[in-house]
Amino acid sequence: MANRLIGSLPKVGIRPVIDGRERGVRESLETQVMDLAKAAAELIEKNLRFANGDPVECVIADTTIGGVAEAAMCSEKFRKEGVGVSLTVTSCWCYGTEVMDSDPLIPKAIWGFNGTERPGAVYLAAALAGYTQRGLPAFGIYGRDVQDVGDLNIPGEVQEKILRFVKAGLAVAEMRGKSYLSIGYSSMGIAGSMVNPEFFHEYLGMRTEFVDSTEVFRRIEEGIYDEQEFEKAMAWTRKNCKEGKDYNKPQNQKDDERKNYEWETVVKMTLIIRDMMIGNSVLVDKGYREEGLGRNALISGFQGQRQWTDHLPNGDFAEAILNSSFDWNGIRQAFIVATENDCLNAVSMLFGHLLSNTAQLFSDVRTYWSPDAVKRVTGKVLEGKAAKGIIHLINSGSTTLDATAQQKDAEGNPVMKPFWDISEAEMDACLAATLWPQADREYFRGGGYSSLFKTSGEMPVTMCRLNLVAGQGPVLQIAEGWTVNLDEEIHEVLSERTNPTWPSTWFVPRLTGQGPFEDVYKVMANWGANHGAISYGHIGADLITLAAMLRIPVSMHNVESTKVFRPSAWASFGTDAEGSDYRACSNYGPLYRFK
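In every chain, residue numbers begin from 1 and rise along the written sequence. Selection of residues for local features in this predicted model requires a pLDDT of at least 70, selection of side-chain atom pairs for listing and counting requires 80 or more, and totals for whole chains, interfaces and linings are taken over all residues. With hydrogens and water excluded, all non-hydrogen atoms of the structure serve as input to the side-chain values.

Student: Mind showing me how you'd approach the overall build of the protein chain here?
Tutor: Numbering of helices and strands runs from the N terminus; a helix is a DSSP stretch of H or I covering at least four residues, while a strand is a stretch of E covering at least two. Helix and strand content of the protein chain: 18 helices and 22 strands. Radius of gyration here uses only the C-alpha atoms, and the compact-globule reference equals 2.2 Å multiplied by the residue count raised to the power 0.38. For 595 residues, the compact-globule formula gives about 25 Å, and the C-alpha radius of gyration of the protein chain, at 25 Å, lands near that figure. With the C-alpha coordinates of the protein chain rotated into their principal frame, the extents come out at 90 × 65 × 50 Å. For the exposure calls, accessible area comes from a 1.4 Å probe over protein chains only, and a residue counts as buried if that area is under 20% of its type's maximum, exposed if over 50%, partly exposed in between. Buried residues in the protein chain amount to 61% of all 595 residues. Residues count as neighbours in contact if any of their non-hydrogen atoms are within 4.5 Å of one another. Residue pairs in contact within the protein chain that sit at least 24 positions apart in sequence constitute 75% of those at least 6 positions apart. Split by element, the accessible area of the protein chain, about 23200 Å² in all, is 48% carbon and sulfur. Charged side chains in the protein chain number 61 positive and 77 negative. The centres of these two groups are separated by 3 Å. The accessible surface values rely on the Shrake-Rupley method and a 1.4 Å probe; as for residues, cover is taken only from the protein chains in view. Counted as positive: Lys and Arg. Counted as negative: Asp and Glu. His and the chain ends are not counted at all. Taken as the charge centre is NZ of Lys, CZ of Arg, CG of Asp or CD of Glu, depending on the residue.

Student: Before we go on, may I ask you to explain the sheet that holds strand 2 (residues 58–60) in this structure?
Tutor: Backbone-to-backbone hydrogen bonds join strands into a sheet, with any given pair of strands oriented parallel or antiparallel. Ordered by their spatial adjacency, five strands build an open sheet running 2-1-3-4-5, and the pairing between neighbours is parallel. Single-partner strands in this sheet number two, and they are strand 2 and strand 5 (139–141). With strand direction ignored, the average angle separating the axes of adjacent strands in the sheet is 25°. Note that strand 1 (residues 11–16) and strand 3 (residues 83–90) share six bridges and pair parallel. For Gly13, the partnering residue across the bridge sits in strand 3 and is Ser86. Packed on one face of the sheet, helix 2 (residues 68–81) meets strand 1, strand 2 and strand 3 and runs near 170° to strand 1. In this analysis, axes come from line fits to C-alpha atoms, helices being fitted only over the stretch in contact, and the angle between any two N-to-C directions falls in the range 0 to 180 degrees. Its contacts with the sheet place helix 4 (residues 156–175) against strand 1, strand 3, strand 4 (108–112) and strand 5, and it is angled at close to 155° to strand 3. Between any two strands, at least two bridges found by DSSP are needed for them to pair.

Student: What should I look at first to understand the packing of aromatic side chains in this one?
Tutor: The description of two aromatic rings rests on the distance between their centres and on the angle between their planes. Aromatic pairs are defined between Phe, Tyr and Trp rings, using the six-membered ring for Trp, whenever the two ring centres lie within 6.5 Å; interplanar angles under 30 degrees are classed as stacked, those over 60 as edge-to-face, and all others as tilted. For the coordinates displayed, the defined rule picks out 18 aromatic pairs. Ring centres 5.7 Å apart and planes at 15° place the aromatic pair Trp570 and Tyr588 in the stacked group. Of this pair, Trp570 sits in the loop between strand 22 (554–556) and helix 18 (577–588) while Tyr588 is found in helix 18, placing the two residues 18 residues apart along the sequence. For the pair Trp570 and Tyr588, one class covers both residues: buried. In this scheme, Lys NZ or Arg CZ marks a charge over a ring once it lies within 6 Å of the ring centre and within 35 degrees of the ring normal. Across from the ring centre of Trp420, 4.2 Å away, lies the NZ or CZ of Arg49, which sits over that ring. Here the guanidinium or amino end of Lys385 rests over the ring plane of Trp482, the centre of that ring lying 4.9 Å away.

Student: Please clarify how the sheet that holds strand 7 (residues 207–211) should be interpreted in this entry.
Tutor: Overall, parallel pairing links the four strands, which are arranged 7-6-9-12 in an open sheet. A strand with exactly one partner marks an edge of an open sheet, and here the two such strands are strand 7 and strand 12 (337–339). Pairs of neighbouring strands in the sheet enclose a mean axial angle of 20°, with direction left out of account. Two strands pair when backbone bridges link them, and strand 6 (residues 179–183) and strand 9 (residues 297–302) are joined in this way by five bridges, in the parallel orientation. In the strand pairing of strand 9, Leu181 is matched with Ser300. Docked against the sheet, helix 8 (residues 256–278) engages strand 6, strand 7, strand 9 and strand 12, running at close to 140° with respect to strand 9.

Student: Explain the environment of Leu344 to me, please; I cannot follow it from the model alone.
Tutor: One can find Leu344 in helix 12 (residues 343–356). Considered as a pair, Leu344 and Cys430 are 86 residues apart in the sequence and their alpha carbons are 27 Å apart. Ignoring any residue separated from it by four or fewer positions in sequence, one finds Leu344 in contact with Gly192, Phe199, Arg465, Leu466, Asn467 and Leu468.

Student: Please clarify how helix 7 (residues 227–240) should be interpreted in this entry.
Tutor: Note: α-helices contain 3.6 residues per turn, so residues at a spacing of three or four share the same orientation. A rise of 1.5 Å per residue sets the reference length of helix 7, with its 14 residues, at 20 Å; its end C-alpha atoms lie 20 Å apart and thus fit the reference within 8%. Looking at helix 7, one finds that the buried residues are Glu229, Phe230, Ala233, Met234, Trp236, Thr237 and Asn240. Viewed end-on, helix 7 has its buried residues packed into an arc of 170°, placing them on one side of the element. Along helix 7, exposed side chains directed more than 90 degrees from the buried face belong to Gln228, Glu231, Arg238 and Lys239. Packing partners of the buried residues in helix 7 comprise strand 8 (242–243), helix 8, helix 11 (316–322), strand 10 (326–327) and helix 14 (424–432). Of the residues flanking the start of helix 7, the one acting as N-cap is Asp226, its side-chain oxygen 3.0 Å from the backbone nitrogen of Gln228. Between the first and last residue of a helix there are one fewer steps than residues, each counted as 1.5 Å, and that sum is the expected span. Picture the helix axis, draw a direction to every C-beta atom, and the arc is the one those directions span. In protein, a polar contact means a hydrogen-donor-capable atom and an acceptor-capable atom, both N or O and within 3.5 Å, with residues adjacent in sequence counting only if both atoms are side-chain atoms; elsewhere, any N or O pair within 3.5 Å suffices.

Next comes the structure, spelled out in structure tokens:
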């Protein structure tokens, strides 16, 4: 596994805090408290990995922390070790503010052991009150059932909260200092493509890098890419990327010479966009050091329409391949590249990628099909999870080929895996399930190739979207649900009514019978933008925890209330959970806004 960006991956700091009274009290607790820290570290390291496949590493304080001096020693160790997330653990009373973690930028949680021999829960409550009073939101973790002293088994609900907190906290730390690369700028008046540097800086701690699309064209013209890799990529593309039907009108169809030029161009675009994001030592060796360093971009977006696509092949192939877990170099971590430079959907994809470790779908939230409408146009009835209606997710560009549903778990169920679990056979199956029709030249005058497939299986997924609201700031929408595998005749009829050269995913949200999740139509009606980011798995609870850390309120979700995990301070902002989320986020403000 390799970290392809500049900067080390964040570590998890474990802080064992203790009653500092020596000559009996502290000595009796040393082993138990330190063993709790070791148990937490073992849980984290056994269960979590970064999206690049590297294991998560924990750093435990050299000693238990009984007062401010030892808290400072721990803080210094964590600084040197690159700790980005802080988990405090204890089974006893401690001196609240004297042992607290006071770094305002590091997400923090406290696990107070539920035992009767020593008041760990009392310390938990006192410490959380101190954090709240000092404006440092912290997460509280407390087991439901009393445990015996020395019991190092971590209860299931405690494990769930620790892992959720750490996973989200690492995402916060991993974003900090990285870049969003905007290739071009505004696309077709889409608000999400009007990149807002203040949002990235204040809420995510990220840089924004702006490069005109002509830089891609310049690198093509001047040969600023790895020619040997290009030849390898072209051979792989010709072998694995089957050209689909040309749906263009006869007068818009092109000859083989032009099509070959377009294939070569879109492959070069793929190489170049990747190099612009993360750099390439081959370019440095060729004498292009500036270009070879890259932009340290964790995510990017390509404007494409219309100034590029009216003249040159579109970015669909480059976006789809980069967003997939494989290419001509084999199986690897997916990139995040947003079509139409929709940076807000790119961030939504990034959230999903960092929390699930899987490749992401970028889709138009295109059409709600009611059961009656489907029956009217197809003569067939929707069944199973689709019985109450479906939402058509479709877009010309950025949907990952992992979404073909050709990867399988041990029982043969369709899944989307972290790249390190994907087999060569599964990669081949994803490619075989995808066609590459010529782009619709009424949309894309410069041509190109768009991916075409159907998500052919039922999978749990979560759709999310970050929106910017004037006067409010960013808000996050979340809809957990499933992809559904429609009857082939229904799929063909519905697909032919829109653009048949693009990938299709049929989505059904989980309904609650209330608010925006009363029915499928209301989910569609309440969606805040034309795009959505779709991640494998039901990760809505993880997204809610991450959003709270970033001070981004959640405007819409269908996550069970028992799974919602936010800082304890949120309870001080009212009894309505979603309203208190807005008030707390407004009160604390963006994580990186310094006045």
